[in-house]
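Notes for the structure review
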Amino acid sequence: MAKIKFTLNNEVVEIDKDLNMRLLDVLRNDFNLTGPKEGCGEGECGACAVLLNHEIVNSCCTPLANVMDKEIITIEGFSITERYRIIKEAFAKTGGVQCGFCTPGMIIATESLLNKNPHPNDFEIKIGLSGNLCRCTGYNLIIEAVKEAAKAGEGLW
Amino acid sequence: MVKAFVAKSLDDCLNILNQENVKIVAGGTDMLIQNRTHSGIAIGFKTDVLYVSLVDELKHITEDKSNIYIGATCSLEQILENNLVPKILRDSILEMASPAIRHTATLAGNIGNASPAGDSLVCLYLLDAKLEIKSINSTRYQLLKDFILGVRKIDLAKNEMITKIIIPKINFDLVYFRKVGPRLSDAISKLSFAGALRMENNLVKDIRFAFGAVNIFVVRRREIEEKLIGIDKKTIKDMSDEIIGYYSEFIKPIDDQRSNKLYRKEVCSNLIKEFLEKI
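Residues numbered from 1 in each chain as written. Chains lettered and ligands numbered in written order. Predicted model: local features only at pLDDT ≥ 70, side-chain atom pairs only at ≥ 80, totals over all residues.

This part is about the overall build of chain A. The helix and strand tally for chain A stands at six helices and five strands. In chain A, the order of α-helices and β-strands from amino to carboxyl end is β-β-α-β-β-β-α-α-α-α-α. By the compact-globule yardstick of 15 Å for 157 residues, chain A fits well, its C-alpha radius of gyration being 15 Å. Projected onto the principal axes, the alpha-carbon positions of chain A cover approximately 45 × 30 × 25 Å. When each of the 157 residues of chain A is scored for burial, the buried share is 51%. A sequence separation of at least 24 residues applies to 61% of the contacts in chain A between residues at least 6 apart. (Helix = DSSP H or I, 4+ residues; strand = E, 2+ residues; numbered from the N terminus. Rg over C-alpha atoms; globule rule 2.2 N^0.38 Å. Buried ≥ 20, exposed ≤ 12 C-beta atoms within 10 Å, placed from the backbone. Contact = placed C-beta atoms within 7 Å.)

Below, the structure written as structure tokens:
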């Protein structure tokens, strides 16, 4: 066990924990943040995605030790922002959500992409979402959602 | 319970490596999966671990007249975005994993993992990459091809760590990388191929072929490459059958859950042809 400090959803937090825990388990069990979900548990589906220093990472493959003094934003923390509102509305408008299990990860992937590249082309969007699996929509609607968000949120990113 | 050491400087790393019996973890994207147990409990490492990803002094990419130097804790995404890095290596990294993995995974980790299907290894072998390896009282340099001793076997003492990946600067006229996998991202290669060519006065000056996931090691055969030096452009383009024949005895793929040996061998031949057609 060791004390570790990091910023979680804009608040500095400190926890006494085994540093070999996965970030995903700590977020869900110790901080009750259940937006990040365990899908595959091996970095292939992106359901557990969070932002680490504002870049998408899979919390299922991130050891707690690696977030020391870093900034983590989960979908819960992101949901209070204007960028989230734009992305959420874009997903709703284009039908980019069906069962919703992948959606927190898809939104985190969208934010990570647009934050770096506010005007992505189709290929860049596909690369940006390439670590996130959706078993419902067939992806086209999600790609449309990202384009719609980039358009509707012009100037936000 | 295994212990976790967190290093914040290279000195921390080397001191801990000197005193403790630890396994090095950088991004952890492979190590966590290899040691996965159950949700809600700690990762099932078999030995104590040393986390190095917070070591900022190894997060730089630099160059001098002859080489590019990639620090061991640089993320794959950082390497992908840096124009100093040879295009063919960035091409291979673009097809590795996904943005989420690339933001934390490292090139040094892919090397240390020493999988025959390691995507970066094919290009690193092609480019004659070298490693800088440090311990508390020594620094040594070793060619990557000599560092990898077999499947998941590397020439690294308990108190050593990879600190830099060194890539010689060469201006190729043509580079070509192709990964064959079931999905663009997050897929382990069925096989991969890298080719590079430098011409001088319309004659082959330097030609290189490397194949991944078709043998225990990445296949790169200098004796075959040397045979092709001095051949003119038109002739080399038509030599695919001969070159496929040269490599035949070294391309020894296996059947596994990702593919089978017949398919792998056939695709290797097709990729040699495709590379030569691009000349």
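What follows picks up the thread again.
This part covers the sheet that holds strand S12 (residues 191-200) of chain B. Backbone-to-backbone hydrogen bonds join strands into a sheet, with any given pair of strands oriented parallel or antiparallel. Residues and elements named next belong to chain B. The strand order across the open sheet formed by three strands is S11-S12-S13, and the pairing between neighbours is antiparallel. Two strands close off the open sheet at either side, each with one partner strand: strand S11 (174-180) and strand S13 (203-212). The sheet shows a mean angle of 5 degrees between the axes of neighbouring strands, taken without regard to direction. Pairing of S12 with S13 involves nine bridges; the strand directions are antiparallel. Bridge pairing in S13 links arginine 198 to aspartate 206. Against the sheet, helix H4 (residues 87-94) contacts S11 and S12, and its axis sits at roughly 15 degrees relative to S11. Across the sheet, helix H12 (residues 261-277) is in contact with S11, S12 and S13; its angle to S12 comes to roughly 25 degrees. (Pairing = 2+ DSSP bridges. Axes fitted to C-alpha atoms, helices over the stretch in contact; angles between N-to-C directions.)

Quoted interface sizes are often the accessible area lost when the parts come together. All names here are of chain A. Taken domain by domain, chain A comprises domain 1 (2-78) and domain 2 (82-152). Here the C-alpha centroids of domain 1 and domain 2 sit 21 Å apart. Counting residues at the interface gives 16 residues for domain 1, matched by 14 residues for domain 2. Put simply, the parts of the chain that give the side of domain 1 that touches domain 2 at least two residues each are strand S3 (49-52), strand S4 (55-58) and helix H2 (75-78). Per-element accounting of the side of domain 1 that touches domain 2 gives the leading share, three residues, to S3. Grouping the constituent residues of the side of domain 1 that touches domain 2 by class yields 10 nonpolar, three polar and three charged. (Domains from an automatic or database assignment. Nonpolar A, V, L, I, M, F, W, Y, C, P; charged D, E, K, R; others polar.)

The next subject is the packing of helix H11 (residues 240-248) of chain B against H12 of chain B. Packed helices, taken two at a time, are described by the angle between their axes plus the distance between the axes. Residue and element names in this part refer to chain B. Close contact between H11 and H12 brings their axes to 10 Å; oriented N to C, the two are set at 140 degrees. Taken together, the axes of H11 and H12 lie oblique to each other. The handedness of the crossing between H11 and H12 comes out as right-handed. Here Ser240, Ile243 and Ile244 of H11 come into contact with H12, specifically with Ser269, Ile272, Lys273 and Leu276. Across the contact of H11 with H12, the residue classes break down as four nonpolar, two polar and one charged. (Parallel < 35°, antiparallel > 145°, perpendicular 65-115°, else oblique. Left-handed = near helix turned anticlockwise from the far one by under 90°.)

Among all positions of H4 of chain B, only Ile88, Leu89, Ser92 and Ile93 of chain B are buried. Down the axis of H4 of chain B, the buried side of the element spans an arc of 140 degrees, and every buried residue falls inside it. (Arc of directions from axis to C-beta.)

Peptide bonds are, in most cases, trans, and in most cases residues other than glycine have a negative phi. All names here are of chain B. The backbone phi angle of aspartate 128 is positive, close to 55 degrees, even though this residue is not glycine. Checked against the element boundaries, aspartate 128 lands in the loop between helix H7 (119-126) and strand S6 (130-135). Judged by local crowding, aspartate 128 falls into the partly exposed class, with 16 C-beta atoms found within 10 Å. Here the phi dihedral of arginine 152 falls at roughly 60 degrees; this positive angle occurs in a residue that is not glycine. Along the chain, arginine 152 falls in the loop between strand S8 (148-150) and strand S9 (153-154).

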